[in-house]
Amino acid sequence: MAAAPAGAKPPLLAIDKLTKVYPGGARALDAVSFTIERPEVIAVIGSSGAGKSTLIRCINRLVEPTSGSVRLGATEIVGLPPAQLRQARRRIGMIFQEFNLVDRLTVMENLLSGRLGSVGFLASFLRRYPPRDIANAFAMLDRVGLAGLQDSRADALSGGQRQRVGIGRALMQDPDILLVDEPTASLDPKTARQIMRLIGSLAAERERPALVNIHDVALAQGFSSRILGLKAGRLVFDGPSAELTPAVLTEIYGAEDWSRTIRPAGEDEEGA
Amino acid sequence: MSANAAKRYPEVWRRRTPGETLAGWLWIAAAAFATAWSVSALDIEWVFFKDAHVQAADLAERMWPPRWAYLPQILAPLVETIHIATLGTAIAVVFSLPLAFLAARNTTANGFTWAVGRGLLVASRSVNTVIWGLIFVAVFGPGPLAGVAAVAARSVGFLAKLVAEAIEEADRGPVEAIESTGAGTGQVYLIGILPQVLPVLIGTTVYRWDINVRESSVLGFVGAGGIGLQLYASINQFMWQQVLVVLLAILVVVILSEAASAWIRGRIS
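(A) Region of the structure containing the packing of helix 4 (residues 71–103) of chain B against helix 5 (residues 111–126) of chain B. All names here are of chain B. Relative orientation of the contacting elements helix 4 and helix 5 amounts to 130 degrees, with a least axis distance of 7 Å. It follows from the interaxial angle that helix 4 and helix 5 lie oblique. For the crossing formed where helix 4 meets helix 5, the hand is left-handed. Residue-level contacts link Leu-99, Leu-102 and Ala-103 of helix 4 to Thr-113, Trp-114, Val-116, Gly-117, Arg-118, Leu-120 and Leu-121 of helix 5. Class assignment of the residues belonging to the contact of helix 4 with helix 5 gives a composition of seven nonpolar, two polar and one charged.

See the structure below:
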């Protein structure tokens with residue numbers, strides 16, 4: 001868990017002209033470029049189908065980009081052969097809307113699955129993880145507020161608890177960056193806020209950036225410091241959360257009365 | 001039509017068009033023709049029906065009372081029958097798992113490996129256990145080993161087909177999550193997919209074992225071990241009172257194995 005060496009190194013993540021055209025001809029991403037220079041929570045907003053999910057999945061190549069470049073630190077991810085791609089994926093933690101836990105496995109097994117990239121097949125078959133990983137998993141369980149639930153089956157947990165396991169699994173990788181795909185869309189509003197707060201504080205503690213797809217504009221603004229706006233696969237906004245104005249939202253989503261969606265500046269809700 | 005006139009709705013509605021109705025009758029006619037053709041082609045001797053009830057009553061009379069003294073002699077073959085089914089099923093499980101991953105579209109390596117997997121499935125499933133028994137008696141010689149091999153050969157395809165279907169239906173989400181941790185392909189299958197298909201694997205294995213107990217009871221007919229040998233010998237010697245004992249013994253074993261299978265499958269969650 002050593003902090004990344006500071007200094008005038010390459011950006012943490014550099015996306016350049018990233019483009020994805022699906023076999024049907026749909027252009028999900030159209031020459032998207034941006035860089036992440038410092039550890040912060042960055043929200044990606046945009047309508048359904050604007051390319052948010054594709055963007056995040058192109059970064060760890062769960063979806064194969066058509067062209068463009070994704071640089072994670074000094075590593076160019078696009079074009080990596082399978083073995084190196086797996087190496088690179090270890091450095092990228094991912095959190096999902098539907099949590100994507102293995103339901104029939106225990107919380108502990110799900111957390112430890114974040115270490116799969118670092119243990120062999122036989123070890124994972126026998127569930128023989130290094131003692132340090134196990135200690136880290138117990139600490140993680142405590143940190144995400146699930147202490148004592150290590151032997152519960154994942155499908156026995158509530159939605160919020162399941163997402164906490166999902167977050168823990170991603171952080172068990174000790175990733176350089178977190179990719180978060182609609183983490184709150186399956187949760188109630190209160191749990192959604194708790195989950196966003198947890199992601200934000202963990203990213204801050206570990207000094208890692210988190211790129212978060214999110215539908216809820218108010219949540220995006222409340223829990224991120226920078227916002228990317230996607231519209232039909234193009235990046236149409238990239239700026240501090242405070243600069244998200246009705247005009248910008250109209251640019252991203254189309255005309256609508258946005259006055260009640262955006263929080264007036266300064267009314268920041270924190271606590272708990 | 002003027003806008004303020006009351007809208008008229010149709011008062012006639014037919015489920016099918018006349019063409020569809022005609023097509024339906026043609027299918028029924030075709031089925032009737034196929035049946036009539038089978039009856040005429042098989043050259044059935046209808047006179048045998050006339051005294052069939054007399055023959056059946058006569059057979060029942062010759063079977064009764066069961067010759068219970070024969071029971072001790074068939075206990076060992078009966079146990080052997082269960083062992084054949086159990087060992088054959090166990091071997092089938094071991095081979096069916098890799099075969100299932102080979103034959104599932106989402107886990108096979110490419111079109112060729114998928115075709116190989118599907119081909120093996122079909123080959124295993126299209127041959128009856130008794131025919132497999134004949135083949136393995138020729139390979140291993142008569143005895144329970146041939147029976148075990150026959151049961152395994154038939155069950156591999158059965159288990160692998162159902163598990164392959166479960167693999168294809170497995171939730172893609174956890175698989176994506178395990179892939180994104182940097183896990184290797186084998187680990188993705190092991191942690192992401194296997195737990196999802198485990199209930200199907202266990203359920204079909206127990207169900208197949210139950211089928212195999214029944215099928216093993218006739219493997220002795222072709223010399224592949226088990227209680228079938230005693231049944232076959234008793235029939236050939238017209239020892240109908242022994243035949244009844246064997247049939248009753250098989251019935252008890254089948255009921256017990258079915259109950260065990262249903263109980264285990266009911267407990268899987």
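(B) Fine view of the interface of chain A and chain B. Between chain A and chain B, the residue contacts involve 27 residues of the former and 21 residues of the latter. Taken together, the two surfaces of chain A and chain B that pack against each other cover about 2,000 Å², and 61% of this comes from carbon and sulfur. Its largest share of buried area at the contact with chain B, chain A owes to A:Val102, A:Arg104 and A:Leu116, together 28% of the area lost on that side. At the boundary of chain A and chain B, one finds one salt bridge. Put simply, A:Arg57 and B:Glu176 hold a salt bridge, and the shortest N to O gap is 2.8 Å. The tally of links between chain A and chain B comes to seven residue pairs in polar contact (both at pLDDT 80 or more). Breaking the side of chain A that touches chain B down by element, the ones donating at least two residues are helix 2 (82–90), strand 6 (92–95) and helix 4 (121–125) of chain A. Residues belonging to the side of chain A that touches chain B are distributed by class as follows: eleven nonpolar, eight polar and eight charged.

(C) Geometry of the sheet that holds strand 3 (residues 41–45) of chain A. All names here are of chain A. Pairing in this open sheet of six strands is mixed, and the strands run 6-7-8-3-9-10 from one edge to the other. In this open sheet, the two strands that pair with only one neighbour each are strand 6 and strand 10 (234–240). Each strand of the sheet is rotated relative to its neighbour by a mean of 20 degrees, with strand direction disregarded. Direction of pairing for strand 9 (residues 226–231) relative to strand 10: antiparallel, over a ladder of six bridges. Counterpart to Arg-226 in the pairing with strand 10 is Pro-240.

(D) Summary view of the side chain of B:Arg154. Within the fold, B:Arg154 resides in helix 7 (residues 144–169). B:Arg154 has contacts with B:Ser124, B:Arg125, B:Val127, B:Thr129, B:Trp132, B:Arg208 and B:Glu215, leaving out every residue within four places of it along the chain.

(E) Quick peek at the nonpolar core. A:Ile45, A:Leu111, A:Ile167, A:Ile214, A:Leu244 and B:Ile167 are the most contacted members of the largest nonpolar core, which totals 78 residues. Each of domain 1 (11–91 + 178–261) and domain 2 (98–174) of chain A contributes no fewer than three residues to this core. When neighbours within four sequence positions are excluded, A:Leu111 is seen to be in contact with A:Ala137, A:Met140, A:Leu141, A:Val165, A:Gly168, A:Arg169 and A:Met172. Judged by nonpolar contacts, the second largest core, of 31 residues, contains A:Cys58, A:Leu80, A:Ile177 and B:Ala177.

(F) Representation of the pattern of salt bridges within the structure. Applying the stated criterion across every chain yields a total of 25 salt bridges over all chains. The network of salt bridges with shared partners includes A:Arg38, A:Glu40, A:Arg226 and A:Asp238.

(G) Quick look at the sheet that holds strand 5 (residues 75–76) of chain A. The strand order 2-1-4-5 (chain A) describes an open sheet built from four strands, whose pairing is antiparallel. Each of the sheet's edge strands pairs with one partner strand only, and the pair in question is strand 2 (27–36) and strand 5 of chain A.

(H) Representation of the domain arrangement of chain A within the structure. Residue and element names in this part refer to chain A. On domain assignment, one finds that chain A holds domain 1 (11–91 + 178–261) and domain 2 (98–174). Placing a centre on the C-alpha atoms of domain 1 and another on those of domain 2 gives a separation of 25 Å. Residue-level contacts link 16 residues of domain 1 with 16 residues of domain 2. Here domain 1 and domain 2 share an interface that buries about 1,400 Å² over both sides, 57% of which is from carbon and sulfur atoms. Among the residues of domain 1 in contact with domain 2, Arg-90, Leu-198 and Arg-206 are the three that bury the most area, contributing 35% of the side total. Counting across the interface, domain 1 meets domain 2 through three salt bridges. As a salt-bridge pair, Arg-143 and Glu-205 come within 2.5 Å of each other at their nearest N and O atoms.

What counts and what doesn't
- Residues numbered from 1 in each chain as written.
- Chains lettered and ligands numbered in written order.
- Predicted model: local features only at pLDDT ≥ 70, side-chain atom pairs only at ≥ 80, totals over all residues.
- Heavy atoms only, no water.
- Axes fitted to C-alpha atoms, helices over the stretch in contact; angles between N-to-C directions.
- Helix = DSSP H or I, 4+ residues; strand = E, 2+ residues; numbered from the N terminus.
- Parallel < 35°, antiparallel > 145°, perpendicular 65-115°, else oblique.
- Left-handed = near helix turned anticlockwise from the far one by under 90°.
- Contact = heavy atoms within 4.5 Å.
- Nonpolar A, V, L, I, M, F, W, Y, C, P; charged D, E, K, R; others polar.
- Buried area = accessible area lost by both parts, 1.4 Å probe.
- Salt bridge = Lys/Arg side-chain N within 4 Å of Asp/Glu carboxyl O.
- Polar contact = N/O pair within 3.5 Å; in protein donor to acceptor, adjacent residues only side chain to side chain.
- Pairing = 2+ DSSP bridges.
- Core = buried A, V, L, I, M, F, W, Y, C linked by side-chain atoms within 4.5 Å.
- Buried < 20%, exposed > 50% of the residue type's maximum accessible area, 1.4 Å probe, protein only.
- Domains from an automatic or database assignment.

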